[in-house]
Amino acid sequence: MSSPDISVVICVYTEDRWEDILAAVASVRAQSRPALETLLVVDHNQALLDRLAGEYKEAGDVRVLANAGPRGLSAGRNTGIAASRGDVIAFLDDDAVAERDWLRHFASSYADPRVMAVGGRTEPVWASGRRPVWFPEEFDWVVGCTYRGLPRGLVRVRNVLGGNASFRRSAFDAAGGFATGIGRDGDKRPLGCEETELCIRLTRALPEAVLLIDDRAVIHHRVPKAREHFGYFRTRTYAEGLSKALVARSVGADKGLESERRYTTRVLPAGVARGLRDAVLARPGGAGRAGAIVAGVFAAAGGYVVGSVRARRGGTTFSVAPIEGGSGV
């Protein structure tokens, strides 16, 4: 099977990340295996749309689109999917840069026609220059990065992580697009899990589908200083619980929490033990990491309970909207 054409979608929403957006696009344009195109989907920000359109007006490989759906990351991704021309659609966060062979590693797995999605490894780039000593690697998902406990190498997984992922176009034909009402939505609480819900829905629609993570497909994700503080950690873990409740409502708790049960019963206790051991050995941050793991578990559990109650009462909804075309600029 010939190597697939890959479209790259980068969803953007604020001029505050202008330099990050330019760096993300530059990293795609520098790939050893070129992308067919890069689509910048702007989330209801006319000033940013106009500025990016001017920046890339002479670039034949970059297209700037307005989000054709409601505000939020899911609708932006769906706009990019609908407008793209590639056999495979890859997604890159607007504050991340991809290593040179990122797309080459993605493409290699699609030689197997059963493969419907491939994700990669996301490394944090801390704004302060180093990881906070209290911040446990087991919770790097809080800042959008690969966390301790994920399998290494080229492995089959339940779901890929959305900021560094790719999907075969036929996956969206079978399962629909990203659900709105689960993921990030502008200024609201930092929700997530839209890619988890999609991946579970995909494997239900196509039971033979294979989803992979290839940790050679590396991106580097910037973590701003505001996200290095415990306040954000607590807010994000609580929001994850809310999101997991929606996923469980959509696909059932058995599938929706399958990986989370293993993570909670195996990975996190081992992380607490390491933190306590480091504390006994007077290593910096050991007690803080152990405490953060415990606090993160309780915050996520609290969010899950609240989200489940809201879902049962009908106070929180989401939908899998049809993918509609974006408007090019």
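Residues numbered from 1 in each chain as written. Predicted model: local features only at pLDDT ≥ 70, side-chain atom pairs only at ≥ 80, totals over all residues. Heavy atoms only, no water.

Glancing now at the packing of helix 1 (residues 18–29) against helix 2 (residues 46–55). For the pair helix 1 and helix 2, the least separation of the axes is 12 Å and the interaxial angle reads 40 degrees. What the angle tells us is that helix 1 and helix 2 run oblique. The way helix 1 lies across helix 2 gives a crossing that is right-handed. The residues of helix 2 that touch helix 1, namely those facing W18, I21 and L22, are L48, R51, L52 and E55. Looking at side-chain class alone, the contact of helix 1 with helix 2 contains 5 nonpolar, no polar and 2 charged residues. (Axes fitted to C-alpha atoms, helices over the stretch in contact; angles between N-to-C directions. Helix = DSSP H or I, 4+ residues; strand = E, 2+ residues; numbered from the N terminus. Parallel < 35°, antiparallel > 145°, perpendicular 65-115°, else oblique. Left-handed = near helix turned anticlockwise from the far one by under 90°. Contact = heavy atoms within 4.5 Å. Nonpolar A, V, L, I, M, F, W, Y, C, P; charged D, E, K, R; others polar.)

Quick look at unusual backbone geometry now. Its identity is not glycine, yet H44 carries a phi of approximately 55 degrees, on the positive side. In this structure, A282 takes a positive phi of about 60 degrees despite not being glycine. One can find A282 in the loop between helix 9 (258–280) and helix 10 (286–313). For A282, a relative accessible area of 66% translates into the label exposed. (Buried < 20%, exposed > 50% of the residue type's maximum accessible area, 1.4 Å probe, protein only.)

Okay, the side chain of N159 next. When you line up the elements, N159 lands in the loop between strand 7 (154–156) and strand 8 (164–168). A polar contact is formed between the side chain of N159 and the side chain of R158, at a distance of 2.8 Å. Polar contacts involving the side chain of N159 include one to the side chain of T196, which spans 3.3 Å. Leaving out residues up to four positions away in the same chain, N159 has contacts with E195, T196, C199, L211 and I213. (Polar contact = N/O pair within 3.5 Å; in protein donor to acceptor, adjacent residues only side chain to side chain.)

A complete count under the given rule lists 16 aromatic pairs for this structure. With 5.2 Å between their ring centres and 65 degrees between their planes, W126 and F135 make a pair best called edge-to-face. Just as W126 is buried, F135 falls in that class too. Of the aromatic side chains, those joined through ring pairs into one cluster are W126, W134, F135, F139, W141, Y147, F230, F233 and Y263. Geometry around F91 places R77 over its ring, the cationic atom sitting 5.7 Å from the centre. The aromatic ring of F178 is capped on one face by R77, whose charged end is 5.1 Å from the ring centroid. (Phe/Tyr/Trp six-rings, centres within 6.5 Å; stacked < 30°, edge-to-face > 60°. Lys NZ or Arg CZ within 6 Å of the ring centre and 35° of its normal.)

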